[in-house]
Amino acid sequence: MKALVTGFDPFGGDKVNPSSLAVSRLRKKIGKVSVVTAVLPTSYAKSARVLREAIDKAKPDIVLCVGQAGGRTELCLERVGINVQDARIPDNDRKQPIDVPVRIDGPAAYFATLPIKACVAEMRKAGLPAMVSNTAGTFVCNHILYSLMDIIETHPRRMRGGFLHIPYVPEQASRLGGAPSMSVDDIARGIEIIVATSAARTIDLHTVEGRIS
């Protein structure tokens with residue numbers, strides 16, 4: 001079995017992106033799962049194409065995309081990607097779409113197909129703060145979750161996919177006056193737990209994880 005795990009390059013004037021930092025620390029083998037990694041551009045126009053190229057090259061069974069969500073306190077596995085681009089800030093191409101669909105003729109939303117509740121439960125068992133999130137926002141992270149699931153929907157290879165939002169790392173938080181943060185090592189550990197859990201099971205836990213916010 002093979003997993004493709006992706007991070008993003010820095011954006012918004014920052015010099016680091018914790019997603020690419022954590023992805024670079026992953027083991028090449030997690031149990032029986034071979035791990036391939038890639039870094040996506042924080043670009044509405046380019047990110048899905050780079051992801052598709054990485055999928056076609058790696059031929060994975062599992063795809064996990066990882067992105068930064070500054071201000072969050074937990075490792076957040078996203079439940080759904082929605083068909084809208086609505087950028088609070090410009091992406092790295094200086095583009096700032098507002099109320100633009102990811103795919104003009106696409107469905108309103110796609111659900112992740114990884115066992116997200118089981119993954120959250122395993123991360124908590126390992127002492128990591130984790131939750132199921134019901135919104136991936138409307139920036140490039142949501143764009144790539146929607147695009148990933150759209151690729152999976154039509155791709156000749158069968159695979160499952162999902163998206164993990166992660167907090168700042170401490171070096172970012174120190175510049176931002178004490179924003180919530182998590183170490184790169186803990187983020188990488190959480191990613192590895194998600195990969196291992198997703199490889200071990202296809203049916204998710206039937207348990208409450210919904211939140212109002």
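Note that the structure is a prediction, hence the values are computed from the model and not measured.

**Points about the pairing of strand β8 (residues 130–133)**
1) Next: Residue alternation in β8 divides its side chains into two sets, Ala130 and Val132 and Met131 and Ser133, and both sets are buried.
2) Next: Inspection of the sheet shows strand β5 (residues 75–78) paired to β8 by 4 bridges, in the parallel sense. Note on β8: the bridge partner recorded for leucine 77 is valine 132.

**As for the packing of aromatic side chains**
1) Next: On inspection of all chains with the given rule, the structure shows 3 aromatic pairs.
2) Next: Between phenylalanine 11 and phenylalanine 139 the ring centres are 5.6 Å apart and the planes differ by 45°, which places this aromatic pair in the tilted class. With phenylalanine 11 in the loop between β1 (2–8) and α1 (18–23) and phenylalanine 139 in the loop between β8 and α4 (140–154), the pair connects residues that are 128 residues apart, well separated along the chain. Like phenylalanine 11, the residue phenylalanine 139 is buried in the burial classification.
3) Next: On the basis of an interplanar angle of 90° and a centroid distance of 5.8 Å, the ring pair of tyrosine 44 and phenylalanine 139 is categorised as edge-to-face. Of this pair, tyrosine 44 sits in the loop between β3 (33–40) and α2 (47–58) while phenylalanine 139 is found in the loop between β8 and α4, placing the two residues 95 residues apart along the sequence.

**Topic: the UniProt feature "active site" (unreviewed entry) in the protein chain**
1) Next: Feature annotation in UniProt assigns "active site" (unreviewed entry) to the following positions: Glu78, Cys141 and His165. In three dimensions, the annotated residues from a span of 88 residues occupy one location, with a maximal C-alpha spread of 10.1 Å. Narrowing the list just given to those that line the largest pocket leaves Cys141 and His165.
2) Next: Setting aside its immediate chain neighbours within four residues, glutamate 78 contacts Arg72, Ala112, Ile116, Ser133, Asn134, Thr135, Ala136, Leu145, Phe163 and His165.
3) Next: At a separation of 2.8 Å, a polar atom in the side chain of glutamate 78 contacts the side chain of serine 133.
4) Next: Dropping the residues within four chain positions of it, cysteine 141 is found in contact with Phe8, Gly67, Gln68, Ala136, Phe163 and His165.

**Regarding unusual backbone geometry**
1) Next: Positioned with a positive phi, lysine 59 is a non-glycine residue whose angle comes to about 55°.
2) Next: Secondary-structure assignment places lysine 59 in the loop between α2 and β4 (62–68).

**Observations concerning the sheet that holds strand β2 (residues 29–30)**
1) Next: If you trace the 7 strands from one edge of the open sheet to the other, you get β2-β3-β1-β4-β9-β5-β8, paired in mixed fashion. Among the strands making up the open sheet, the edge pair consists of β2 and β8.
2) Next: Pairing of β5 with strand β9 (residues 160–166) involves 2 bridges; the strand directions are antiparallel. Opposite cysteine 76, over in β9, you have histidine 165 as the bridge partner.
3) Next: Contacts between helix α3 (residues 116–125) and the sheet are confined to β5 and β8, with β8 contributing the most and set at about 160° to the helix.
4) Next: Strand contacts of α4: β1, β3, β4, β5 and β9, with the helix running at about 170° to β9, the strand carrying the most contacts.

**Here's the deal with α4**
1) Next: Helix length check: α4 (15 residues) gives 21 Å between terminal C-alpha atoms against 21 Å at 1.5 Å per residue, within 8%.
2) Next: Of all 15 residues in α4, 13 are buried, a share of seventy percent or more.

**Digging into the side chain of histidine 143**
1) Next: For histidine 143, the location among the structural elements is in helix α4.
2) Next: Overall, the relative accessible area of 5% leaves histidine 143 in the buried class.
3) Next: At 3.0 Å, the side chain of histidine 143 forms a polar contact with the backbone oxygen of tyrosine 44.
4) Next: Polar contacts involving the side chain of histidine 143 include one to the side chain of glutamine 85, which spans 3.0 Å.
5) Next: Sequence-distant contacts of histidine 143, defined by excluding residues within four places in its chain, comprise Tyr44, Ser47, Ala48, Gln85 and Val102.

Rules used in this analysis
- Residues numbered from 1 in each chain as written.
- Predicted model: local features only at pLDDT ≥ 70, side-chain atom pairs only at ≥ 80, totals over all residues.
- Heavy atoms only, no water.
- Buried < 20%, exposed > 50% of the residue type's maximum accessible area, 1.4 Å probe, protein only.
- Helix = DSSP H or I, 4+ residues; strand = E, 2+ residues; numbered from the N terminus.
- Pairing = 2+ DSSP bridges.
- Phe/Tyr/Trp six-rings, centres within 6.5 Å; stacked < 30°, edge-to-face > 60°.
- UniProt positions renumbered as here; feature names shortened; annotations may be inferred.
- 1 Å grid on protein atoms, 1.4 Å probe; cavity = no way out; pocket = protein on both sides within 12 Å on 5 of 7 lines; lining within 4 Å.
- Contact = heavy atoms within 4.5 Å.
- Polar contact = N/O pair within 3.5 Å; in protein donor to acceptor, adjacent residues only side chain to side chain.
- Axes fitted to C-alpha atoms, helices over the stretch in contact; angles between N-to-C directions.
- Expected span 1.5 Å × (residues − 1).

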